[in-house]
Amino acid sequence: MGLDDAADLQRSSFPSTFAWGVSTASFQIEGAAREDGRGPSVWDTFCATPGNIADGSDGSVACDHYHRYVEDLDLLTQLGVTSYRFSMAWSRVQPNGEGDWNEPGFAFYDRLLTGLAERGIEAHLTLNHWDLPQALQDKGGWLNPEIIQRFCDYACEVGRRFGHRLASLATHNEPWVVAMLGHDSGIFAPGLKDRAVAMQVAHHLLVSHGVALQALRAQGLQTRLGIVLNLSPFHAATESLTDQHKTHLEDGMLVRWYLDALLRGHYPEDVWQHLGDDVPKVNPGDLTTIQQPLDFLGVNYYTRSVVSAGAPWSAKDLGLPVTDMEWEIYPQGLTELLVRLDRDYDMPPIFITENGAAFKDKVENGQVNDLERVAYLQSHIKAVAAARQAGVNVQAYFVWSLLDNFEWASGYAKRFGIVHIDYQTLKRTPKQSALWYGQFLRGR
Ligand code: IFM
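J.: In this structure, what is going on with the environment of valine 207? I would like to understand it.
T.: Tracing the backbone through its elements, the reader meets valine 207 in helix 9 (residues 195-218). Of the residues examined, valine 207 reaches a relative accessible area of 6% and is grouped as buried. In the structure, valine 207 is positioned 83 residues away from isoleucine 290 in sequence and 5.2 Å away in space, judged by C-alpha atoms.

J.: How do you make sense of the pairing of strand 2 (residues 83-87) when you look at a structure like this?
T.: If a strand is regular, its side chains alternate between the two faces of the sheet. Taking burial as the measure, the five residues of strand 2 include five buried ones, the bulk of the element. Here strand 2 shows a buried face lined by Ser83, Arg85 and Ser87 and a second buried face lined by Tyr84 and Phe86. In terms of strand pairing, strand 1 (residues 19-23) meets strand 2 through three bridges, oriented parallel. Residue pairing in the sheet places glycine 21 in a bridge with serine 83 of strand 2. The sheet contact formed by strand 2 and strand 3 (residues 122-128) spans five bridges and is parallel. Bridging across to strand 3, serine 87 finds its partner in threonine 126.

J.: Looking at this model, I keep getting lost on the site of the ligand. Mind explaining?
T.: Within the structure, the ligand sits among Gln28, His129, Trp130, Asn173, Glu174, Tyr302, Trp327, Glu354, Trp400, Glu407, Trp408 and Phe416. At a separation of 2.8 Å, an oxygen atom of the ligand approaches a polar side-chain atom of histidine 129. At 2.7 Å from a nitrogen atom of the ligand is found a side-chain nitrogen or oxygen belonging to glutamate 174. Protein coverage of the free-state accessible area of the ligand, which is 280 Å², stands at 94%. Its residues placed into classes, the shell around the ligand shows six nonpolar, three polar and three charged.

The rules behind each value
- Every chain is numbered on its own, with residues counted from 1 as its sequence reads.
- With the structure being a predicted model, the display of local features is reserved for residues of pLDDT at least 70 and the display and counting of side-chain atom pairs for 80 or more, all residues being used for whole-chain, interface and lining totals.
- Only hydrogens and water are set aside when side-chain values are computed; all heavy atoms of the structure are taken into account.
- Secondary structure elements follow DSSP: runs of H or I of four or more residues count as helices, runs of E of two or more count as strands, with numbering from the N terminus.
- Buried means the residue's accessible area, taken with a 1.4 Å probe over protein chains only, is under 20% of the maximum for its type, while exposed means over 50%, and partly exposed covers the values in between.
- At least two DSSP bridges between two strands are required for those strands to pair.
- Any residue with a heavy atom lying within 4 Å of a molecule or strand is counted as near it.
- Two N or O atoms count as a polar contact when they lie within 3.5 Å, although within protein this holds only if one can serve as hydrogen donor and the other as acceptor, and sequence-adjacent residues are included solely when both atoms are side-chain atoms.
- Each accessible area value is a Shrake-Rupley result obtained with a 1.4 Å probe; residue values ignore everything except the protein chains displayed when judging cover.
- Residue type decides the class: Asp, Glu, Lys and Arg count as charged, Ala, Val, Leu, Ile, Met, Phe, Trp, Tyr, Cys and Pro as nonpolar, and the leftover types, Gly among them, as polar.

This is how it looks when you write it as C-alpha cells:
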C-alpha cells in the first residue's frame, strides 16, 4: 500500500481514548554517557570489546538526546502524538545500581517529564530497557538473586518520585532478549553463552517484575503497571513433524514461557522438560509472585517467526519482502498474534509498545522519501484495527522509533527512526513516514 491508497485507514476508526505514540530507549538515544554522574552500564562495557558491535560504535553520543531533548519534545508536538514511551537509564539515577541516588540524573528525567506535561503528551516509562548498571553485573547481574531487591528499590524510588506523572510504568522491556541474546547466544550485553544461566536470568527478571509490582502497589501508586514482551506468531517451514515440533517448542521459549508464568502462574511443561538440566532454580512462591495482576501487557511486534528443523528459513532467500534487518514484512502476523493471545490467555489490555522497520534511508534534497516505512506502518496499523474488530482489547500503538538510533549489535547502520539523524551533525530531519504519521494523527 502506498501513500495514495491509504484512504481507508483512519484514526477515527479507533476510539478517541486510543493512545498514539512513538517509542525510544535510554541507551539508544541519550548519549552523555559520562556526564552528570552517570555510571557505566553493561552496554558501555559490551561496546568497548572490539567485534561486539558491527560498526565498532558505542552509545557515548548516540542522538545526544540528553542535551537535545527539547528539540526532540518539539518533534513529538509536530507529530501530534498523544503519548511518548521512553526508558530510564538505571545507572544515570543510581550509578552503582544500589546505594546513593544521583540527583542530576533524576533532574534530567524531571525536565523530560515536565516538557511532556507542558506539551500535553502522556509519559510511558520503562524501567529496564537493558542498560543494567555495570556495578551490578560485576556482582553477577541478573543471575545473582540479590538483584531482585536492587531492582525493587530502584522501581520504588522511581515510583515515589515520578509515579503520579506517568500514564504507565513497565518493569522490563523484552526479557527474552536480555536472557537469551545476552546470556545464551551472547550477541548482546553482557555477552555470556550458557543456556542454564540464560534461563535463570529469565526467571530472575520475571520475579523482579512481580516483586516490583507488589511494592509499587503497596506504595499506593495509581499509574498502570505492566511489562513489555517481544512476541511473534510461529509458523513451521514445512508440514513435517520435526518442523512442527520445533515450532511449538520455539513458541514455548518466546511466548508461553513468559505469558504462562505472568498470566497463569506456571512454566509450560513441554519447555520445562525440553530444558533438562538447564531449568532455573525456582523458589517456593516465585510463580505466585510473578503472577501479579497486569494493568497492561506491552507487545513489541516486528515480524513472524518461521521455524525449520533443517537449514534456517530465510524470507530474503525466498524473495519475500524484507526490511534492512532482513526481517520479513508480515503485517497479518500482528493480527494473528493478537487474536491468539486473546484466545489463549485471560489478557489484560494490550499496548503495541513497539512496531516499526529499518530501511536504508537517505537524505535527498533535504527529504527522506521512506515510502517503504510508510507502507509498513500503514499495514501494521490496519492489522491492529483488524485485531480490535475481532474483539482484542488493544488500547495503544507506539512506532519504533522516534529517531534513528543505536541499534545494539548493529550499531548505527540500521535506521528505525521516523526522524533521520545525521550522525556527523546530529541534525534531525523528519522522514516522509513522520509526515504521514502526523497527517494520520490529525485525521487527514
Ligand atoms: O531497537 C530495538 C529495541 O531496543 C527493542 N525492540 C526491538 C528494536 C529493534 O530491533
